Structures are given as structure tokens and as C-alpha cells.
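A closer look at the structure
So you can see what is in the structure, the chains are spelled out below.
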Amino acid sequence: MGKSKSKNRSGSGTLWDTSIPRQPLLWLAAALLFTLPPMFGSLATWIPSFFLLTLAMKFWMEPKGYRLRSATWKLVLAAVTLAAIFFSYGSLKGIEPGVSVLVVLMSLKILEAHTAREFQVMVMIAWVLCLCGFFLSQDLVIALCLLAAVVVLLVALVQFHGGPSPGSFWSPVGVTCKLLAQATPLVVLLFLLFPRINTGFRFEIRDLRSAASGFSDRLSPGSIASLTNSSDIAFRAEFPDRKTRPPGPMYWRGIVMWHCEGMEWRAPYARGSSESGAPSLRRAGSGRALPVQPTGDKAIRQWITIAPHGAHWMFALDRPFEVPPKAVLARGNYLWSVQPIRKVRRYEVVSSPEVTEKELQPRERKEALEVPASISPAVRELAQSWIAQNSNPRAIVNSALQFFRTQRFRYSLSPGEYKKNDLDQFLFHRRVGFCEHYATSFATLMRLAGIPARVVVGYLGGEYNDLGRFFLVRQADTHAWCEVWFPDSGWTRVDPTSAVAPGRASLDLNSFLARRIASGEMEARRSAFVTQLTQSAIFTNIRLAWEAVNYEWDTRVLGFDADVQESLLASAGIASRRPSLLITEILVLVAALLVIYAGWMQLRTRSRVDRVKALYERFCRRAARLGVRRNPWEGPSDFSMRAAKLLPDESERIQQISNTYIALRYSPKSPALVLNKFAKEVNAFAAHRR
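The structure reproduced in this document is the subject of the present report. (Residues numbered from 1 in each chain as written. Predicted model: local features only at pLDDT ≥ 70, side-chain atom pairs only at ≥ 80, totals over all residues. Heavy atoms only, no water.)

Notes on the overall build of the protein chain
A tally of helices and strands in the protein chain yields 22 helices and 21 strands. When the 690 residues of the protein chain are sorted by exposure, 46% land in the buried category. If you take every contact in the protein chain between residues at least 6 apart in sequence, the share linking residues at least 24 apart comes to 73%. Just so you have it, the protein chain exposes about 35,100 Å², and 59% of that area is on carbon and sulfur atoms. (Helix = DSSP H or I, 4+ residues; strand = E, 2+ residues; numbered from the N terminus. Buried < 20%, exposed > 50% of the residue type's maximum accessible area, 1.4 Å probe, protein only. Contact = heavy atoms within 4.5 Å. Areas by Shrake-Rupley, 256 points an atom, 1.4 Å probe, with all protein chains shown as cover.)

The structure is reproduced here in C-alpha cells:
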């Protein structure tokens, strides 16, 4: 690093060789700060930290005239940072390493920049950083931060080109707001009408290293309990045909598990599948209704907006029978996406609470009765005791539920560690568990009792948002339950957790826990002050309003794809036009709007100029009546000096009229107050001599 010797001397060099003005540099720094949020959420922590450090160093170095000048130091810093990026990500390929390289280059440019030309380069890189931030995340908060960065960058450019002037801190803000106000109608018009060539503004370039949901093909003790503190959104659901929620508890079906290993279960795979983790498929669906459909008003239509999680899981209420496009119905009546869900996806699905399967194939029966050989004799004797009491399958199920209800089992968010062979420990000794412990143990006991059983993992409940009229289902609402086969009714849902924790099925997890804490059945996980604050009416209303705005952003803006646009154009009666013709019409409309706006601005400016000119000519005529006639070659400044000498009594007014006229005539825009004052001065000139 070295101290810069260049100075901004008048007459030496061009504008681009001068040092960076301080105010535009401040605006640029503020804009760069707004690009940080997506970096902290997606990049290695040291990347944005290094970026912040260079910004702070710049404001320490600039007043002293220091900057990064040594080519050797530049090469060393670049090599070190590139190596750090490689070790952080294991590669220089991909969106995160690419954005990291750009951030590092911007950081080094900040340390190096000294001239106005380099200021322009930094502004250009900042535009690219804004775009990269939107690649990293399309969350509403991130979008607002990046919008603020764009606005502040415009302010920095306006300030830079406008130069220092009185009140210059706020004047570029006003100019920027006017520019944005002029551009907004065109942006909205192009957003609504320009033909879509993709699926809207939802895109996820970066890889999801791990699924955001707690789902996998294997359910083990503690896998769901670990999600109870997660506030991440799993999906949002609307019921467009209903004003209220469907009757009964809302069980959102996610995946069905058949293979039993005691307290650990997993989903089956398709034999010969080319993709690891693909389920065995029973029927395929591409938006077609399955053969068995519910009767009457049993069908429940849902619009579901699912968060990206990198896996194939999709969700539907109860049992889906009409499958959305690019999805299939796996064996067990759950949805499976053909492609991994790497971006927010919105789909429509129709479900029914009715059982649509009335027959159990021999192969499925055999699979639904398999148990591991490691099951202890004590567990087998427990299941056999229920058979001895009453061999009816429904009576056996009731006996098992009564066992969980009366033997002092407890529902706990932190039941401790269990292994897949710890079924004895859970049933006869510790008797503390979460939903996955009760679901897996109950299903295993049913199989030991000769009743086909399987485990279903999904979500239970959801918080209703009255403002947005949707249900918000979080990762904390993940739930596991069972389905048993009855010869007279087919697969029937049984939730053993409800025997231990009554009321869980009718509430989302947070509401259920709040009720248990209030009744003293559980200890609060947070302080009383925090709990009281989060449950206050003001905090709840603000949170619900923000969630509703987020949902509108996801569905109305990011979800504005080709299908939604086609529906909009159809309602406007222009859906039948060819894309090329529609683009031409849009461009013509935009050009017409620009011409109209330019004409209006010209007319407005000309009318102001014409009035100023008319008032000045009136002043010249009055001066001529007093014996001072303006010569055709005489400018306003020269004429005012000559008139002031010949009319000493009016010299002050003449000078003021001349100065005001020059300001009004040659400035881009002047306040109407100045024009009105100019008119009063002209009217008052020589009025007493008439």
C-alpha cells in the first residue's frame, strides 16, 4: 500500500482522472451494505466479513490519501482469497464460488480505487452484485434490500454527475425518485404483458446441499423431535372452494414407510430404478384423475406452495386422487415429484378423506406384516396378549391405544436417545417419546398382532392466516402416524400420539405446546417475557401481516409464470395473439407512452419558458416608455447595467428582474414560487410612473 500523490488540480487531466468525491462514495458504500444480506445467508461467512472490512478500511484510507497501489500486494491478496474460496467450497465452479470471487474482486477494487473512473467501475460491479444477490435468494426481505441497493446506486450516480451544490445531499434523492416514478409504469406494463419464456421469476441456480425439510427415506427415533424448534416454512396451503378449513384434523401426507426395523422404518424403493431414493410406484399421474374417485362433496381441492428442499417430497391433505403435473402417485397414495424440488413450487391437488383402496394384494400384505427377528419375546408377548383378549382387529387396535393411554407414557420434545432396537426400553421402562416413537412402536406391535400396518410421515395442522386466507405449515409441524388394514374398510389412519397427547391433532405444534405450558403440563423452553411478547396481539398481528405479504410476493410476483400470464391475457381478451405480434404491440405501446410523456414535458417546459419570455418583454416595453430601449444585439445582463445607470431610482429592481430572468430562462427547472415573484417584480416596475 502507498500514499497517493495525485491531486485534483484545475486544468490538469479529465474528470475521470480526478479523485472520488466524498458524497458519491458515501452513497456507494450505503448501496454495498444493502447487498450483504443475501451473502450472509448463502456464502461462506468470511466472504461478506472481508467485504465489510475493506469498506471500513476505505474510509480510513481515503482521508489520508492511502490506497492499494502495489501490484505485488494485489496479486498476493488475490491468490490468498482465491485459495480460501477453493478450500471453503472445494471448487471454484458453481454459483456460490462464482459470487464469492466477484465479492472478493469488488473488495480489492475498493482498496485500489482512487479516481472517478474507478468509481464508475465499482458502480457497474455493484449492479452485478445486486443481480447475484437475487440469484442467491428470492425472499421478500432480500428483494427489498436489493431494491434499496439499486435505488441508492442511482442516487450515487446522480450525485456524482451533479457535482457539489447547496443542499446536494437530498437533491439527488429527489431526482432518483422522479426517475423511478417515471420508469415504474413501464416496468409494470412489461412485467404483465411481455411474453414469458420461463416459469416466472422463481429460479434457484445454487445447489441445495441438504434438504430444508426433515424428511428422508428413513424414520429413526429423534429425527422428527429435532425439528420442533424449527420455524422454517414447509409449505402454504389454500382451500379455494371453502371459506373455512376442512372438517376434522389436517393430516398432510408426505411419505409412506413399509420396511420395519423395530423403532426405525424406511420407505421401499423401486426395483431397477435409475435414481436412488425413488419410491415404488403404484400408479402414475399427469394431472389425470385416478380410477377411484370420492363421491359427493368429499373432494377437497388445495393450492399448495411448497418451499424448496432439494428432494422429491410433495404434500397433500389426506389421500390425494388427482395428481398435479410432473408428479406421480407412489404406492401408499403419496405424491412424488419427478424432478427434485429446488425452487418454490405451486401446484393444485385434489384429495379425499375416504379410503379408495378396498383390496390388499398378497405381496403388500406380506410386506405389511414383516417384522425384524430382533424383536424381544416381551414385546411379542404384549401383542399376543391383546389377541388373546379379543382377536378382532379393531379390538386389538383399541387395546394398544389403551395401553399407551394408561401405562403412564409421556409426550416429550426431548425424550433422550433411542436406537432402533430399543423397543423394550421405550415400551416397558422409559415410556417417554415424541410422535415418531409412538408411531413406529405402534405399527410394529400391530404387525406382531397380525394386523397389516405402515407408518406415514407428513405434517399435522398448520397456522391459519386470516389476512392471506391460507394455512402456514412449518417444519416444526412434522408428524408421524400409522395406518392399519381393516378387511371391511381398508387402510385406516390411527394416530397413537393422540392417546398420549390429546388435542395435538386439532392444533399446530406451537399452539399445542403453548396450551400445555399454560396448563403446567410442560415447562417453557423460553423466558416468560419472550413467551408473553410472542403471544401478544400486536406481535401476532404484525407477524401474520408479514407472512401474508410474503405469500403474496411468492404467488403474485415470483409465481407470475406463463400460465398465470395466459389467464390474465385471456381475461383481457388478447390471449389469441401470437407472441411476435404481442411483443410488437407492447413495444409500440411503450414507444407511444414515451412520446406522449416527452411531448407533455416539452409542452410544460415551453409554456414556462413562453411565460418567462412574455414577462421579460413586458419589462423591456416599460423600460422603453421610460426612455431606455433595448437594442436587438443586447443581452439581458448588458441591458440591465445600462438601464440601471439611466434609471437610478429603479436600479435595484432592474438588477433583480434581470438576475431572476437569467435564472428562469437558462435553468432546467425553477420553482413556481420564483416565477410568481418574477411576475410581481415586472408588474411593479415603473407602476408609479404611469
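Having seen it, we continue.
Some thoughts on unusual backbone geometry
We note that Asn333 has phi near 60°; this positive angle belongs to a residue other than glycine. With respect to the secondary-structure elements, Asn333 resides in the loop between β12 (327–330) and β13 (334–337). For Arg469, which is not glycine, the phi dihedral falls at a positive 55°. Following the sequence through the fold, Arg469 ends up in the loop between β18 (463–465) and β19 (470–474).

As for the packing of aromatic side chains
As enumerated under the stated definition, the model contains 31 aromatic pairs in all. Here the aromatic rings of Phe239 and Phe471 are separated by 5.8 Å at their centres, their planes lie at 75°, and the arrangement is edge-to-face. A residue pair is termed long-range when its members are at least 10 positions apart, and Phe239 in the loop between β4 (233–238) and β5 (251–257) and Phe471 in strand β19 qualify at 232 residues. Pair check on accessibility: Phe239 and Phe471 agree, each one buried. Ring geometry for Phe409 against Tyr438: centres 6.1 Å apart, planes inclined by 70°, an arrangement best described as edge-to-face. Of this pair, Phe409 sits in the loop between α11 (393–406) and β15 (410–411) while Tyr438 sits in helix α13 (residues 435–448), and the two are 29 residues apart along the sequence. Assigned by exposure class, Phe409 and Tyr438 land together as buried. An aromatic cluster of at least three residues, connected via ring pairs, comprises Trp386, Phe403, Phe404, Phe409, Tyr418, Phe426, Tyr438 and Phe442. Here Arg331 stacks its cationic end above the ring of Trp258, 4.4 Å away from the centre of that ring. For Arg430, the ring lying beneath its charged end belongs to Tyr418, and the centroid distance is 4.0 Å. (Phe/Tyr/Trp six-rings, centres within 6.5 Å; stacked < 30°, edge-to-face > 60°. Lys NZ or Arg CZ within 6 Å of the ring centre and 35° of its normal.)

Comments concerning the sheet that holds strand β9 (residues 300–306)
Taken in spatial order, the six strands of this open sheet run β11-β14-β9-β4-β19-β18, and their pairing is antiparallel. Single-partner strands in this sheet number two, and they are β11 (319–322) and β18. For this sheet, the mean inter-axis angle between neighbouring strands, taken without regard to orientation, is 40°. Two strands pair when backbone bridges link them, and β9 and strand β14 (residues 345–352) are joined in this way by seven bridges, in the antiparallel orientation. Among the inter-strand pairings, Trp303 is bridged to a residue of β14, identified as Glu348. Running at roughly 75° to β18, helix α17 (residues 537–558) makes contact with β4, β9, β14, β18 and β19 of the sheet. (Pairing = 2+ DSSP bridges. Axes fitted to C-alpha atoms, helices over the stretch in contact; angles between N-to-C directions.)

With respect to the nonpolar core
Grouped together as the largest cluster of nonpolar side chains are 89 residues, with contacts concentrated most on Phe235, Trp252, Phe404, Leu427, Phe442 and Met446. Counting residues per element, this core draws most heavily on α13, at eight residues. With residues up to four places along the chain from it excluded, the contact list for Phe442 reads Val397, Ala400, Leu401, Phe404, Cys482, Val484, Val494 and Pro496. Among the nonpolar cores identified, the runner-up in size contains 43 residues, and Met39, Ala113, Leu157 and Phe160 belong to it. (Core = buried A, V, L, I, M, F, W, Y, C linked by side-chain atoms within 4.5 Å.)

Quick word on the pairing of strand β20 (residues 478–486)
With respect to burial, β20 is a largely interior element, nine of its nine residues being buried. The two faces of β20 match: Thr478, Ala480, Cys482, Val484 and Phe486 on one face and His479, Trp481, Glu483 and Trp485 on the other face are all buried. Direction of pairing for strand β17 (residues 453–460) relative to β20: antiparallel, over a ladder of seven bridges. Within β20, the position partnered with Tyr459 by the bridge is Thr478. Looking at chain direction, β20 and strand β21 (residues 490–494) are connected through five bridges and run antiparallel. Bridging across to β21, Cys482 finds its partner in Val494.

Let's talk about the packing of helix α3 (residues 46–64) against helix α4 (residues 71–89)
Axis separation between α3 and α4 bottoms out at 11 Å; the angle between their running directions is 155°. The angle between the axes of α3 and α4 places the two elements in the roughly antiparallel class. Residues Trp46, Ile47 and Phe50 of α3 pack against Thr81, Ala84, Ile85, Ser88 and Tyr89 of α4. Considering only residue class, the contact of α3 with α4 consists of six nonpolar, two polar and no charged. (Parallel < 35°, antiparallel > 145°, perpendicular 65-115°, else oblique. Nonpolar A, V, L, I, M, F, W, Y, C, P; charged D, E, K, R; others polar.)

Here's the deal with the pattern of salt bridges
Going through the model one piece at a time under the given rule, you end up with 24 salt bridges. When the shortest N-O distance is used, the salt bridge between Glu112 and Lys109 registers 3.2 Å. Note that Glu112 and Lys109 are positioned in helix α5 (residues 95–112) at a spacing of three residues, about one turn of the helix. A single burial state applies to Glu112 and to Lys109, both of which are buried. Among the charged side chains, a salt-bridge network with shared partners connects Lys74, Lys109, Glu112 and Glu118. (Salt bridge = Lys/Arg side-chain N within 4 Å of Asp/Glu carboxyl O.)

Observations regarding the environment of Gly332
Residue position: Gly332 is located in the loop between β12 and β13. Looking at Gly332, the relative accessible area reads 1%, which means it is buried. C-alpha separation for the pair Gly332 and Arg253, spaced 79 residues apart in sequence, amounts to 9.8 Å. When residues no more than four places from it in sequence are discounted, the contact partners of Gly332 are Arg253, Val256 and Arg454.

Remarks on the packing of helix α20 (residues 636–646) against helix α21 (residues 651–666)
Running from amino to carboxyl end, α20 crosses α21 at an angle of 175°, the nearest separation of the two axes being 9 Å. If you check the angle between α20 and α21, you find them roughly antiparallel. On the side of α20, the interface is formed by Pro636, Ser637, Ser640, Ala643 and Ala644, while α21 contributes Ser651, Ile654, Gln655, Ser658, Tyr661 and Ile662. When grouped by side-chain class, the residues that make up the contact of α20 with α21 number six nonpolar, five polar and no charged.

Let's talk about the pairing of β5
A regular strand places its side chains so that they alternate between the two faces of the sheet. Burial runs high along β5: seven of the seven residues are buried. Across six bridges, the pairing between β5 and β17 is antiparallel. From the neighbouring strand, Ile255 faces β17, where its bridge partner is Val457. Bridge count for β5 against strand β10 (residues 316–317) is two bridges, and the pairing is antiparallel. Counterpart to Trp252 in the pairing with β10 is Leu317.

A few points about the sheet that holds β20
Spatially, the five strands line up as an open sheet ordered β10-β5-β17-β20-β21, and their pairing is antiparallel. The open sheet has two free edges, formed respectively by β10 and β21, since each of these has just one partner strand. Strand contacts of α11: β20 and β21, with the helix running at about 150° to β20, the strand carrying the most contacts. Most of the contacts of α13 go to β20, to which it runs at about 15°, and overall it touches β17, β20 and β21.

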